[in-house]
Amino acid sequence: TVTKYVGRLLASADPFVGPGPQTSVGDLVARAAQEIPTLFRDEPLVEASLRSMIGRIYMSLEQYEAAELEIRLAARIREHELPENHPDQAESLFDIARWRWLTRTDPLDMSVEPMVRRALEIRLSALGREDEEVADLLWLLGTMHWAGKGDMGTAERMYRQRLQVCRRLYGE
């Protein structure tokens, strides 16, 4: 199961089990990226979910080339396995849009905005406003309008909507 696999993977950083405290998050993620296709060969949606997670971690580590590989593989699996408007398809759109936004060379490039809006539309339609990823998509749209267009009004609206979603999810 996924829980057992993740437990074993994390335990490998234990000096009494694995290589020890020098094991970095990057090492664990790279190991997972290699093992997942074999371990979850018969569970493509589990593989896609884990690849998406790994891609997001690589983005946080600013390892954008590795991130792109993982999020695109996750998207490809989901395109094959799921209907077009499934919330996990929106997650893949969000991952790719976020990667494209983080790796853009032109700070004013807003070409990913339609992708983010489509992901938001799918998530809202399927899950409503009580969804953590809706909050994340609103944050990205706000950031794009603030940093990409200098449109403070739209950015503020997006951030306020995100705040409302977060308050409903987590309380004041």
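Source: prediction; values computed, not measured. (Residues numbered from 1 in each chain as written. Predicted model: local features only at pLDDT ≥ 70, side-chain atom pairs only at ≥ 80, totals over all residues. Heavy atoms only, no water.)

Turning our eyes to something else, we now look at the overall build of the chain. Looking only at helices and strands, the chain features eight helices and zero strands. The linear arrangement of helices and strands in the chain, starting from the amino end, is α-α-α-α-α-α-α-α. Oriented by its inertia axes, the alpha-carbon framework of the chain measures out at about 55 × 35 × 35 Å. For the chain, buried positions account for 39% of its 172 residues. Positive and negative side-chain charges in the chain, numbering 22 and 28 respectively, have mean positions lying 3 Å apart. (Helix = DSSP H or I, 4+ residues; strand = E, 2+ residues; numbered from the N terminus. Buried < 20%, exposed > 50% of the residue type's maximum accessible area, 1.4 Å probe, protein only. Lys, Arg positive; Asp, Glu negative; His and termini not counted. Charge placed at Lys NZ, Arg CZ, Asp CG, Glu CD.)

Okay, the side chain of Glu 47 next. Tracing the chain through its elements places Glu 47 in helix α3 (residues 44-60). The class of Glu 47 is buried, set by a relative accessible area of 12%. Setting aside anything within four residues of it in sequence, one finds Glu 47 in contact with Ile 36, Pro 37, Phe 40 and Ile 77. (Contact = heavy atoms within 4.5 Å.)

Once that is clear, we can look at the packing of aromatic side chains. According to the stated counting rule, one finds zero aromatic pairs in the structure shown. Directly above the aromatic system of Trp 101 lies the positively charged group of Arg 104, at a separation of 3.5 Å from the ring centroid. (Phe/Tyr/Trp six-rings, centres within 6.5 Å; stacked < 30°, edge-to-face > 60°. Lys NZ or Arg CZ within 6 Å of the ring centre and 35° of its normal.)

Before going further, it helps to spend a moment on the environment of Arg 98. With respect to the helices and strands, the residue Arg 98 is situated in helix α5 (residues 87-103). Counting along the chain gives 41 residues from Arg 98 to Ile 57, while the straight-line C-alpha distance between them is 12 Å. Residues within four places of Arg 98 in sequence aside, it is in contact with Arg 56, Met 59, Ser 60 and Leu 140.

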